Amino acid sequence: MPQVVTTVSELRERIAAARAEARLEGPADAPAARVVLVPTMGALHEGHLRLVSAARDLGGIVVVSIFVNPLQFGAGEDLDRYPRTLDADVAALEGLADYVFAPSAAEMYPDGPSSTRVVAGEVGSLYEGASRPGHFDGVLTVVAKLFNIVQPDVAVFGQKDAQQVHLVGRMVDDLNLPLRIAVVDTVREDDGLALSSRNRYLDDGQRASAVVLSRALAAGADAAGQGVEAALAAARASLEAEPAVKLDYLVAVDPDSFAEAGPEHHGPALLLVAARVGTTRLIDNRRIALG
Ligand code: PAF
């Protein structure tokens, strides 16, 4: 079983000891002394376990953080009902992670919500950030804290949260943080629904409707050869055929800058979608090739 650690000081001690031990057994830059972090909010599913397996494959000491970060939830969002399943999460990480860092909110924010924040910049207020003002400042603030606490060589994130991956990468570059970001593809159910901790909020009917997000992205990908407008129209038509799903945004973006892809954009792009199924907000994305 992974060791569960709840305080910053103990985690730092344990990681320092594990690194020192690994270095005694090999060269200082040996993969065994590498620290790999997988930041999560728990309620782990197969998608998370794929991230942790990728971390394990990188060798070294694998730390999974489990912290439902209040800073990234807006008023009226699902902070209180967000699933907290620590015991099951720790059991699922058996053989995959060395340490689970599961701090309390008081450990992470001893003086209440931190007054110092990382600001996500312009892209942080687009798309997901437009629907959830302040969300990415909260994400980047906790991720920066986790990077400083764990001091990983590599941190692993899922492509499912494409805008988050982009912004974390920007933060690492902009602030010269000494680590590498590894990205793992989205894991899907057999019918295409992207795995998400929020899928457990869906009743059977909503679960059946939710598959339209990935279907819409597939329709957009099929039409992408005819340009961005055709891709968006095809995806939108799919979504509109499912009245139980209320579209929040559907947009094609340049994968490098996350600027919206206009009609002059040809080549690789990312199609991003967010929609509400009942009270549950789901996101998904897919790489497309715009003709
Ligand atoms: O993707 C998530 O689960 C969260 O946004 C993260 C990166 C763990 C920060 O709280």
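- Under the annotation held in an unreviewed UniProt entry, the chain carries the name Pantothenate synthetase and is attributed to Leifsonia williamsii.
- Quoted verbatim from the Sequence similarities (unreviewed entry) heading of the UniProt record, the comment on the chain is "Belongs to the pantothenate synthetase family."

**Re the UniProt feature "binding site: (R)-pantoate" (unreviewed entry) in the chain**
Moving on, step 1. In the UniProt entry, the feature "binding site: (R)-pantoate" (unreviewed entry) is given for Gln72 and Gln164. These annotated residues cover 93 residues of sequence, and their C-alpha atoms all fall within 11.6 Å of one another, placing them together at a single site.
Moving on, step 2. Mapped onto the fold, Gln72 is located in the loop between β3 (61-66) and α3 (86-92).
Moving on, step 3. Taking the relative accessible area as the measure of exposure, Gln72 reaches 9% and is therefore buried.
Moving on, step 4. Once residues within four sequence positions are removed from consideration, Gln72 is found in contact with Met41, Glu77, Arg132, His135, Gly138, Val139 and Val142.
Moving on, step 5. Relative to the assigned elements, Gln164 resides in helix α7 (residues 162-174).
Moving on, step 6. Residue classification places Gln164 among the buried residues on the basis of a relative accessible area of 17%.
Moving on, step 7. In this view, Gln164 contacts Phe136, Val139 and Phe157; residues no more than four positions away in its chain are not counted.

**Comments concerning the packing of helix α1 (residues 8-25) against helix α6 (residues 135-150)**
Moving on, step 1. One way to put it is that α1 packs onto α6 with a least axis distance of 9 Å and a crossing angle of 45°. Comparing the axis directions of α1 and α6 gives the class oblique. Of the residues in α6, those in contact with Val8, Leu11, Arg12 and Ile15 of α1 are Asn148, Ile149 and Val150.

**Observations regarding the sheet that holds strand β1 (residues 3-5)**
Moving on, step 1. Ordered in space as β1-β4-β3-β2-β5-β6, the six strands form an open sheet in which the pairing is parallel. The open sheet is flanked by β1 and β6 (180-184), the only strands paired with a single partner. Here the strands of the sheet are splayed against their neighbours by 25° on average, with no regard to which way each runs.
Moving on, step 2. Across five bridges, the pairing between strand β5 (residues 154-158) and β6 is parallel. Opposite Val154, over in β6, you have Arg180 as the bridge partner.
Moving on, step 3. This element, helix α2 (residues 46-57), spans β2 (35-40), β3, β5 and β6 of the sheet and lies at about 170° to β2.
Moving on, step 4. Along the sheet face, α7 touches β5 and β6 and points at about 155° away from the line of β5.

**Things to note about the site of the ligand**
Moving on, step 1. Close contacts around the ligand come from Pro39, Thr40, Met41, Asn69, Gln72, Val139, Val142, Phe157, Asp161 and Gln164, and that covers them all.
Moving on, step 2. Within the side chain of Gln72, a nitrogen or oxygen atom sits 2.6 Å from an oxygen atom of the ligand.
Moving on, step 3. A distance of 2.7 Å separates an oxygen atom of the ligand from a polar side-chain atom of Gln164.
Moving on, step 4. Protein chains shield 89% of the accessible area of the ligand, which is 290 Å² for the free molecule.
Moving on, step 5. Taken together, the elements giving at least two residues each to the shell around the ligand come down to β2 and α6.
Moving on, step 6. Taken together, the residues that form the shell around the ligand break down as five nonpolar, four polar and one charged.

Cut-off values and rules
Residues numbered from 1 in each chain as written. Predicted model: local features only at pLDDT ≥ 70, side-chain atom pairs only at ≥ 80, totals over all residues. Heavy atoms only, no water. UniProt positions renumbered as here; feature names shortened; annotations may be inferred. Helix = DSSP H or I, 4+ residues; strand = E, 2+ residues; numbered from the N terminus. Buried < 20%, exposed > 50% of the residue type's maximum accessible area, 1.4 Å probe, protein only. Contact = heavy atoms within 4.5 Å. Axes fitted to C-alpha atoms, helices over the stretch in contact; angles between N-to-C directions. Parallel < 35°, antiparallel > 145°, perpendicular 65-115°, else oblique. Pairing = 2+ DSSP bridges. Near = heavy atom within 4 Å. Polar contact = N/O pair within 3.5 Å; in protein donor to acceptor, adjacent residues only side chain to side chain. Areas by Shrake-Rupley, 256 points an atom, 1.4 Å probe, with all protein chains shown as cover. Nonpolar A, V, L, I, M, F, W, Y, C, P; charged D, E, K, R; others polar.

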